[in-house]
Amino acid sequence: MRRRAGVLAAALVIGAGLGAVGGAGPAAAGGWAVTVIDPLPGQIVAGQAYKVSFWVLQHGTHPFSASPPISIGEVGLMLTDDAGASVSFAGRALAEPAHYVTTVTVPHDGSWRVSGVQGMFLPFHVGTLTVPGTLKALGVPAAPSQEDMQKYWPGPVRPPVLPIDRKRDPFGLDAPEVPQQPLTQPRPAAAAVEPKSATEPVGSSTRRVPLLAAGIAGVALVLALGAGRRAWRTRRR
């Protein structure tokens, strides 16, 4: 009986280890967020300072939900050019929940990848800023519904609602770009596609299969080792 318990414990340890190698992390645990930038003030040119406001939405639909003293941490925007050089701009909180503002000065002309710096969450790829030009934002994996808007932002200032791309990994860089949407009244609830659950990122269901397979493989490995050891002892007798 003790041997069986030991085998099961070892299998669970191996399965957990393989699952960690297979990609379990903040996204798999529900710890992810989306950065959405408010409409920019016309064409952006290099060397000029701009006030840029943005939202950091946990699961794409609501403000950071932990209670004090836990905080989301430092947030902001980061620009990365084609050569890989990056410049960051720290954000400060505005009156609305999850709403921030920063001052951005783009160092030079060209194409810049825009990322949201999201405190305890991994950075989120917002889209591409062309200078001189404007921002082309990516679709988001989830967006606030009409009910979310009424609950968290009952006033006139609300997050923009961008097109939803349910196939996109929250931290991926390969999603197609879509034009940035103006800050208007939120879409009806029927137009906003909710994520699979409040703590389950897009694509997490596909991650369960490799994790389950890893656990089964771990059990089989431990049982095989046990059988081999018993056979070896029998031959010695």
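Predicted model only: the values in this text are computed from it and were never measured.

Helix and strand counts for the protein chain come out as three helices and ten strands. For the protein chain, the α and β elements follow one another from N to C terminus as α-β-β-β-β-β-β-β-β-β-α-β-α. Buried residues in the protein chain amount to 38% of all 237 residues. At a minimum sequence separation of 6, the contacts of the protein chain that also span at least 24 residues come to 67%. When the accessible surface of the protein chain is totalled, it reaches about 13000 Å², and 61% of it is carbon and sulfur.

Before going further, it helps to spend a moment on the sheet that holds strand β6 (residues 99-105). The strand order across the open sheet built from four strands is β1-β2-β6-β5, with neighbouring strands paired in antiparallel fashion. The open sheet has two free edges, formed respectively by β1 (33-37) and β5 (92-93), since each of these has just one partner strand. Bridge count for β1 against strand β2 (residues 49-58) is five bridges, and the pairing is antiparallel. Within β2, the residue paired with I37 across the bridge is F54.

Moving on to the nonpolar core. With 38 residues, the main nonpolar core has I37, L79, V106 and L129 as its most contacted residues. At the level of secondary structure, the elements contributing two or more residues to this core comprise β1, β2, β3 (75-80), β6, β7 (110-118), β8 (121-131) and β9 (135-138). The dominant element in this core, judged by the number of residues it contributes, is β2, at six residues.

Counted by the stated rule, this structure contains four aromatic pairs. When the centroid spacing of 5.7 Å and the interplanar angle of 25° are considered together, the rings of F54 and Y100 count as stacked. With F54 in strand β2 and Y100 in strand β6, the pair connects residues that are 46 residues apart, well separated along the chain. By the burial criterion, F54 is buried, and Y100 matches it. Measuring from ring centre to ring centre gives 5.9 Å for F64 and F121, while their planes differ by 75°; the resulting arrangement is edge-to-face. On the criterion of sequence distance, the pair formed by F64 in the loop between β2 and β3 and F121 in strand β8 is long-range, its members being 57 residues apart. Taking the relative accessible area as the measure of exposure, F121 reaches 8% and is therefore buried. Three or more aromatic residues joined by ring pairs make a cluster, and in this case those are W55, Y152 and W153.

Examined against the element boundaries, S53 turns out to sit in strand β2. Reaching out from S53, the side chain makes a polar contact with the side chain of D38 at a distance of 2.6 Å. Beyond its immediate stretch of four places on either side in the chain, S53 contacts I37, D38, L94, H99, Y100 and V101.

Summarising the element assignment, T105 is placed in strand β6. The class for T105 is partly exposed, based on a relative accessible area of 30%. Expressed as a C-alpha distance, the spacing of T105 and Y50, which sit 55 residues apart in the sequence, is 6.4 Å. Every residue in contact with T105, bar those within four places of it in the chain, is listed here: G47, Q48, A49 and F89.

Rules used in this analysis
Residues numbered from 1 in each chain as written. Predicted model: local features only at pLDDT ≥ 70, side-chain atom pairs only at ≥ 80, totals over all residues. Heavy atoms only, no water. Helix = DSSP H or I, 4+ residues; strand = E, 2+ residues; numbered from the N terminus. Buried < 20%, exposed > 50% of the residue type's maximum accessible area, 1.4 Å probe, protein only. Contact = heavy atoms within 4.5 Å. Areas by Shrake-Rupley, 256 points an atom, 1.4 Å probe, with all protein chains shown as cover. Pairing = 2+ DSSP bridges. Core = buried A, V, L, I, M, F, W, Y, C linked by side-chain atoms within 4.5 Å. Phe/Tyr/Trp six-rings, centres within 6.5 Å; stacked < 30°, edge-to-face > 60°. Polar contact = N/O pair within 3.5 Å; in protein donor to acceptor, adjacent residues only side chain to side chain.

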